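A structural walkthrough
The residues making up each chain are set out below.
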Amino acid sequence: MNASSLPRWIDIGLLPVLNLIAALTVAGVIIAIIGENPFVAMGVMIKGAFVYDGALGYTLFYTTNFIFTGLAVAVAFHAMLFNIGGEGQAMIGGLGVGLVVLFLDSVLPPLLVVMLAVPAAAAFGAVWGVIPGWLQARRGSHIVITTIMFNFIASSIMVWLLAGMLMAPGQMSPETRSFADGINLPLVYEVLQMAGFSVSRSPLNLSFVIALLACFGVWYLIWRTKLGYIIRATGHSERATIYAGHDPAKIIMLVMAISGALAGMMSLNEILGVQQRVILNFTSGYGFTGIAVALMGRNHPIGIVLASLLFGALYQGGAELDFEFQTITREMVLMIQGLIILFSGALAYLFMPAVVRIYSSLRKPTGSG
Amino acid sequence: MADLWLQFVLTIDATLRVATPLILCAMAGLFSERSGIIDISLEGKMLMSAFAAASMATLTGSPFLSLAGGILVSVALSLIHGFACITHKGNQVISGLAINILASGLTVTLGIALFAQGGQTPFLNKSERFTDIVLPFAEQAEHVPVLGTIYKEIISGHNLLVWVALFSVIVTGYVVFRTTFGLRLRAVGEKPEAVDSAGVSVSGLRFQAVIIAGVLCGIAGTYLSTAHGAGFIREMAAGKGYIALAALIFGKWRPVPALLACLMFGFMDALAARLQGVEIPVIGHISTDLILVLPYLLTVILLAGFIGKASPPRSIGVPYIKER
């Protein structure tokens, strides 16, 4: 008996939940070891993520980042490509936004600048994804190593530009000048207040809607188009793609471009949503978290939205830990994230033999198993 | 001229210090990857052991116990990597990534819990660290031109772990290319089914390889916090594990070329530090960011086959499934 003989709800429902429970259990043990009550900590995080005034808005704000980077990893995974360059692609996407706005915000009306900046984020991210894709497809270098290197190269480019020619005059910190007034994506709470609802302030903005549209787009592309079928086929066997009359190298480059574009759009949320200038390290590890999100979400948009919500809650709730405890801080979230990647990624099938055993022993009495 | 010469010698001296953790991690990666296990968790293992070593030094006051602590923790992470990748045939890149992220979070979390200094460990005194070993006659040698300066500045005045790092290259070269174990190790990374049919355990060999990698990363981490530095600072591995990985690839998974790549990358680092804000005649300012990006850029170019060809062990990243 193996994975394929298990019903779908166990494979995509029960096993991920078991993995999550295992990761949280280990995290709980560590919290207990350092002398705090893990259940109290969890309560604080849940309150911080959902209950307090405006908390939900912040949670969904972080969720937006993770949807973009999670989708980026997932699209590449469908072609069996491991894109761990989301971090760098997001940085370069942010650079694209910055360049478009900084050059045009004094010439064009704000709305037009924003409408140009959104595709710029995707285009710049796509370029940073397609180069490793090209190197893999045409030059045979391994995408994992190249994307790692490209993260560092992107980071150096950002330092070099933001501390150099793009640095705001008279500024000491490495960041650009602020964008002109009106160049930002509409904030959700402002829109809702205008519509007459009373909503508390949060950085949640239009990017969230764009992220949900991207989810639909990815779902449609992968499962409802011929191209998506070819992408998945390439993941299983490059030879199949060749027989079908397509060039796997082109598919790899295309997939990496889409993946990079999605990662690049993460910068919309941070740069065009709240910062309204390009700052250093605005990606703060969200690109890497995207890997955990894609793994937990089993590379399906619905799973990715759920996993992003989980990580959004962890990030927002984790910030609350700083206020409530002396000894645990938001770095705890990083630790939990590492454990989740370990259990739902590298040890994804840890519980499978046990589950298979239990399932088949339960099935036996009915005589149908 | 004499000043320029001294500057050069001091830069070479700094190169050795910066390259030490790279060399140890590159050798660690060599063992692991030659056996077919991708190891991007060099970074996390080094970070975690740097923390463990500094904590041990603070708690016991002994540099050697700190080394033991550093190695122990790093090996423990190696075993997790092995458990995921060898026992459960999990994805090696994902496992490595998990270890890196786990280490980032765990070091700060434990650091705050233990020492309440925002994730750092307390400053270590001289007696708690591996201190520089001044070789005999180093002071007198100062007056001998050229050779004397080289002896005093480059050869003398390094701590024990620098020598361990250099020694590890010789040992790695010997073990991997001159022993039965090494032959099997290389075979298991190329054609594990051949090793299996010879009656040698593939899993056993791969576990030995990742444990050796753990030991070497443990020494590297200890070097960072209790020899080169005086205490643990958060994120102190600062990408060195990845540079070591780049150096390993650059050295085409061979000990001596990998050592040279580490020294080259270390030299770039040392040079960038020395050129910070310095005006060079004719050229003017050199952006240090551009020097620091070279290791990554060169590795990409090499991997793309533009300067020679780096081909990894054939079975790298592929879990071994025994035929039934």
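Model, not experiment: these values are computed from the prediction.

Topic: the overall build of chain A
- Scanning chain A from terminus to terminus reveals 15 helices and zero strands.
- Scaling as 2.2 N^0.38, a compact globule of 369 residues should have a C-alpha radius of gyration of about 21 Å, and chain A matches this with 22 Å.
- If one aligns the C-alpha atoms of chain A with their principal axes, the spans along those axes are about 75 × 60 × 40 Å.
- For chain A, the residues scored as buried account for 53% of the 369 residues in total.
- Partitioning the contacts of chain A with sequence separation of at least 6, the portion at a separation of at least 24 is 75%.

Structural notes on the overall build of chain B
- Each helix and strand in chain B was counted, giving 14 helices and two strands.
- Taken over C-alpha atoms, the radius of gyration comes to 20 Å for chain B, in line with the 20 Å a tight globule of 324 residues would show.
- C-alpha atoms of chain B, sized along the principal axes, occupy 70 × 50 × 40 Å.
- A total of 324 residues make up chain B; the buried ones form 53% of that total.
- Within chain B, residue pairs in contact and separated by at least 24 positions form 76% of the contacts whose partners lie at least 6 positions apart.

Quick notes on the interface of chain A and chain B
- Each partner contributes residues to the interface: chain A has 40 residues there, and chain B has 36 residues.
- Those elements giving two or more residues to the side of chain A that touches chain B turn out to be α5 (110-139), α6 (143-162), α12 (286-296) and α14 (331-346) of chain A.
- With eleven residues, the top contributor of residues to the side of chain A that touches chain B is α14 of chain A.

Points about the confidence of the model for chain B
- When pLDDT is averaged across chain B, the result is 89; 96% of the residues are at 70 or more.
- Two numbers describe this predicted complex: its pTM, 0.90, and its ipTM, 0.89.

Focus: the nonpolar core
- By size, the foremost hydrophobic cluster in this structure holds 224 residues, and its most contacted members are L71 of chain A together with A26, A247 and C262 of chain B.
- Leave out the neighbours within four places in its chain, and C262 of chain B touches A19, L22, I23, A26, A244 and A247 of chain B.

Concerning the packing of helix α8 (residues 207-224) of chain A against helix α13 (residues 301-324) of chain A
All names here are of chain A.
- In contact at an axis separation of 9 Å, α8 and α13 are set at 150° when each is read in the N-to-C sense. Considered as vectors, α8 and α13 are oriented roughly antiparallel to each other. Of the residues in α13, those in contact with C215, V218 and W219 of α8 are P301, I304 and V305.
- Of the residues that constitute the contact of α8 with α13, the class distribution is six nonpolar, no polar and no charged.

Thoughts on the environment of A292 of chain A
Residues and elements named next belong to chain A.
- Its location among the elements puts A292 in helix α12.
- For the pair A292 and F311, spaced 19 residues apart in the sequence, the C-alpha separation amounts to 9.0 Å.
- Apart from residues lying up to four places away in sequence, A292 is in contact with F311, Q337, I340 and I341.

Observations regarding the packing of α12 of chain A against α14 of chain A
Residue and element names in this part refer to chain A.
- In contact at an axis separation of 9 Å, α12 and α14 are set at 40° when each is read in the N-to-C sense. As for how α12 packs across α14, the hand of that crossing is left-handed. Together, T289, I291, A292, L295 and M296 of α12 and Q337, I340, I341, S344 and G345 of α14 make up the contact between the two elements.
- Residues that form the contact of α12 with α14 fall into these classes: six nonpolar, four polar and no charged.

Structural notes on helix α1 (residues 8-33) of chain A
All names here are of chain A.
- With 26 residues, α1 should cover 38 Å at 1.5 Å per step; its first-to-last C-alpha distance of 37 Å lies within 8% of that length.
- The sharpest bend along α1 comes to roughly 30°, located at L14, with the proline P16 sitting one to four residues further on.
- Along α1, the residues that are buried comprise L15, P16, N19, A23, A27, I30 and I31.
- Summarising the contacts, the buried residues of α1 are in contact with α2 (38-51), α12, α14 and α15 (352-363).

Section: the domain arrangement of chain A
All names here are of chain A.
- For chain A, the domain assignment lists domain 1 (1-36 + 332-369) and domain 2 (44-324).
- One C-alpha centre belongs to domain 1, the other to domain 2; they are set 29 Å apart.
- At the level of secondary structure, the elements contributing two or more residues to the side of domain 1 that touches domain 2 comprise α1 and α14.
- Take the side of domain 1 that touches domain 2: its biggest share by element is eight residues, from α14.

Examining unusual backbone geometry
All names here are of chain A.
- Phi is positive for M80, close to 55°, though the residue is something other than glycine.
- Along the chain, M80 falls in the loop between α3 (55-78) and α4 (86-104).
- Phi is positive for N281, close to 55°, though the residue is something other than glycine.
- Structurally, the position occupied by N281 is in the loop between α11 (248-275) and α12.
- Given 13 C-beta atoms within a 10 Å radius, N281 is considered partly exposed.

Thoughts on helix α7 (residues 160-178) of chain B
Residues and elements named next belong to chain B.
- An ideal rise of 1.5 Å per residue puts 27 Å on 19 residues; α7 measures up with 26 Å between its terminal C-alpha atoms.
- Taken together, the buried positions of α7 are L161, V162, V164, A165, S168, V169, T172 and V176.
- Contact partners of the buried residues in α7: α1 (2-34), β2 (158-159), α8 (180-190), α10 (202-228) and α12 (255-275).

The rules we used
Residues numbered from 1 in each chain as written. Chains lettered and ligands numbered in written order. Predicted model: local features only at pLDDT ≥ 70, side-chain atom pairs only at ≥ 80, totals over all residues. Helix = DSSP H or I, 4+ residues; strand = E, 2+ residues; numbered from the N terminus. Rg over C-alpha atoms; globule rule 2.2 N^0.38 Å. Buried ≥ 20, exposed ≤ 12 C-beta atoms within 10 Å, placed from the backbone. Contact = placed C-beta atoms within 7 Å. pLDDT = per-residue confidence, 0-100. Core = buried A, V, L, I, M, F, W, Y, C linked by C-beta atoms within 7 Å. Axes fitted to C-alpha atoms, helices over the stretch in contact; angles between N-to-C directions. Parallel < 35°, antiparallel > 145°, perpendicular 65-115°, else oblique. Nonpolar A, V, L, I, M, F, W, Y, C, P; charged D, E, K, R; others polar. Left-handed = near helix turned anticlockwise from the far one by under 90°. Expected span 1.5 Å × (residues − 1). Bend = angle between axes of the 7 residues up to and from the residue. Domains from an automatic or database assignment.

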